[in-house]
Amino acid sequence: MDFSEFDFGPEIWDGIEAMGFQKATPIQEHSIPTILEGHDLVACAQTGTGKTAAYLLPVLDRILDLPAGGINTVILVPTRELALQIDQQIQGFSYFADVSAIPIYGGGDGSTWEQQKKAITEGSDVLIATPGRLISYINLQLIDFSSVKHLILDEADRMLDMGFYNDLVKIVDQLPKERQTLLFSATMPPKIRKLASNILKDPKEVNIAISKPAEGILQCAYMVYDKQKHALITSLLQDKSDLRSIIVFTSRKADVDGLVKEMKRHKFSCEGIHSDLDQKARENVLLSFKNRHTQILVATDILSRGIDIDTIDLVVNYEVPADAEDYVHRVGRTARAERTGVAITFVNQDDQVKFKRIEDLIERDILKLPVPPELGESPVYNPQPPKKKRKWKSSSKKKNFKKKKPAGKQEKKK
Ligand code: ADP
Ligand code: MG
């Protein structure tokens with residue numbers, strides 16, 4: 001669908017043009033009219049489908065009709081990286097419009113706190129905040145929420161995963177009851193529904209097929225022993241200088257540094273990022289990756305949602321993600337907005353069952369490639385579901401026993 005079919009004011013058109021967007025993505029097509037009409041909305045679509053613009057464009061359009069002065073929009077996000085990224089998108093879209101925004105997030109030094117505090121007290125149309133930090137300012141009674149008209153929760157599932165439920169409720173309590181509330185999420189677990197029913201009013205729902213990675217992504221997997229993984233990744237990435245941006249996900253923070261060291265030993269351009277790094281270090285690593293100075297980024301899955309790095313060429317799952325939905329998010333890092341990409345997953349014997357669950361979720365078999373022969377023998381793919389409790393054999397004796405005393409099963413075990 002073409003953007004010209006939406007009922008935006010001229011400033012927003014200019015912004016869309018400046019960002020180089022031509023066609024609306026499905027989530028944008030379905031969300032934008034509903035938001036322009038003023039409804040509350042729960043919207044669910046996988047990572048990389050353009051959720052940010054789906055709410056920013058209509059909300060910015062509405063902001064332009066509001067009188068200046070006071071905070072009119074609060075956007076809550078799980079991480080400071082996402083806050084910064086949304087701030088950048090607002091600057092892009094509102095280049096021709098007079099809309100101000102402040103990102104508010106934790107970490108940083110005293111000067112960040114002072115800057116944010118100054119910006120808050122001086123006022124701004126939009127606050128983009130991580131819940132924890134916003135609560136700190138609320139506790140100091142520094143923020144006047146009385147003119148808020150829009151509340152947006154972006155990556156709501158991630159915020160709940162990070163334990164922000166109570167903070168969110170506390171923040172929402174501070175806001176005017178008369179407001180438009182929009183909840184965006186990549187997944188829709190029951191706790192999101194609960195949150196939505198608590199803070200949204202008669203929301204409309206948009207749900208775009210969540211559990212399948214975008215078309216255009218080539219997905220494949222290697223069955224390996226853990227001890228083969230280092231050799232496999234170095235051999236796969238050898239001579240891949242045409243792939244300019246590669247993310248390697250590991251499940252454990254502790255593995256990031258070891259893997260980075262190994263990659264560097266093989267002369268790869270590689271950096272690691274995980275939540276133990278301080279903010280400055282994280283920003284530097286990300287910036288260098290974004291600018292394509294660093295080819296390979298090794299990350300824990302804190303990064304797998306939301307961070308906007310265009311054109312990732314290859315995602316490697318160094319382990320199978322614990323959650324099948326997480327797989328979809330990680331793989332969604334490639335082929336964003338209809339570009340193509342490749343995703344490779346390393347599967348050790350213990351992870352085969354988890355991997356099978358992913359194949360079930362996405363309803364397709366992922367291509368299994370043979371490990372290079374010089375790495376030696378590798379496991380075969382034969383996922384065995386966890387063993388069920390001992391079954392009764394159909395010997396007549398046990399049948400009789402079962403018939404007579406069905407509850408005896410437990411008793412006999414003791
Ligand atoms: P999500 O929040 O769903 O993960 P984002 O909003 O971060 O996705 O968008 C992913 C990428 O796609 C961004 O780089 C964004 O600029 C780009 N994008 C979004 N919508 C469009 C569009 N209509 N046309 C072209 N690119 C788009
Ligand atoms: Mg997003």
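Calculation rules
Residues numbered from 1 in each chain as written. Chains lettered and ligands numbered in written order. Predicted model: local features only at pLDDT ≥ 70, side-chain atom pairs only at ≥ 80, totals over all residues. Heavy atoms only, no water. Axes fitted to C-alpha atoms, helices over the stretch in contact; angles between N-to-C directions. Helix = DSSP H or I, 4+ residues; strand = E, 2+ residues; numbered from the N terminus. Parallel < 35°, antiparallel > 145°, perpendicular 65-115°, else oblique. Left-handed = near helix turned anticlockwise from the far one by under 90°. Contact = heavy atoms within 4.5 Å. Pairing = 2+ DSSP bridges. pLDDT = per-residue confidence, 0-100. Buried < 20%, exposed > 50% of the residue type's maximum accessible area, 1.4 Å probe, protein only. Phe/Tyr/Trp six-rings, centres within 6.5 Å; stacked < 30°, edge-to-face > 60°. Lys NZ or Arg CZ within 6 Å of the ring centre and 35° of its normal.

**Observations regarding the packing of helix α2 (residues 26–36) against helix α3 (residues 51–63)**
At step 1: Relative to each other, α2 and α3 sit at 25°, their axes nearing to 9 Å. With respect to their mutual orientation, α2 and α3 come out roughly parallel. α2 and α3 meet at a crossing whose hand is right-handed. When α2 is examined against α3, the residues Ile 27, Gln 28, Ser 31, Ile 32, Ile 35 and Leu 36 are found in contact with a partner set consisting of Lys 51, Ala 53, Ala 54, Tyr 55, Leu 57, Pro 58, Val 59, Asp 61 and Arg 62.

**Quick look at the sheet that holds strand β2 (residues 73–76)**
At step 1: Strands sit in the order β3-β4-β2-β5-β6-β1-β7 across an open sheet of 7 strands; the sheet is parallel. Looking at the sheet topology across the chains shown, the edges are occupied by β3 (101–104) and β7 (204–207). In this sheet, adjacent strand axes meet at a mean angle of 10° when their direction is disregarded.
At step 2: Across 4 bridges, the pairing between β2 and strand β5 (residues 150–153) is parallel. The residue bridging Val 74 from the neighbouring strand is Leu 151, located in β5.

**Here's the deal with the confidence of the model for the chain**
At step 1: Averaged over all residues, the pLDDT of the chain is 85; the fraction at 70 or higher stands at 87%.
At step 2: This stretch, residues 393–414, has a pLDDT under 50; its non-local contacts, to residues over four places away or in other chains, come to 11 contacts.

**Some remarks on unusual backbone geometry**
At step 1: With phi around 55°, Gln 141 is a residue other than glycine that occupies positive phi space.
At step 2: The residue Gln 141 is located in the loop between α6 (131–139) and β5 in this model.
At step 3: Located in the positive-phi region is Asp 202, a residue other than glycine, with phi close to 40°.
At step 4: Assignment of secondary structure puts Asp 202 in the loop between α9 (190–199) and β7.
At step 5: Here Asp 202 falls in the exposed class, since its relative accessible area comes to 72%.

**With respect to the packing of aromatic side chains**
At step 1: Applying the stated rule across the entire model yields 10 aromatic pairs.
At step 2: With 4.2 Å between their ring centres and 10° between their planes, Trp 113 and Tyr 137 make a pair best called stacked. Here Trp 113 is found in helix α5 (residues 110–122), whereas its partner Tyr 137 is found in helix α6, with 24 residues between them in sequence.
At step 3: Relative accessible area serves as the criterion here: at 22%, Trp 113 is assigned to the partly exposed category.
At step 4: Taking 5.6 Å as the distance between ring centres and 45° as the angle between the ring planes, the aromatic pair formed by Tyr 318 and Phe 346 counts as tilted. Placement of the pair is Tyr 318 in the loop between β12 (314–317) and α13 (324–331) and Phe 346 in strand β13 (residues 341–347), with a sequence separation of 28 residues. For the pair Tyr 318 and Phe 346, one class covers both residues: buried.
At step 5: When the ring centre of Tyr 225 is taken as origin, the NZ or CZ atom of Lys 227, which lies over that ring, is 4.8 Å away.

**So, the pairing of strand β9 (residues 246–249)**
At step 1: Here β9 shows no split at all, with Ile 246 and Val 248 on one side and Ile 247 and Phe 249 on the other all buried.
At step 2: In the sheet, β9 pairs with strand β11 (residues 296–299) via 4 bridges, with the strands oriented parallel. Of the residues in β11, the one forming a bridge with Phe 249 is Ala 299.
At step 3: Here 4 bridges tie β9 to β12, and the two strands are oriented parallel to one another. The residue bridging Ile 246 from the neighbouring strand is Leu 314, located in β12.

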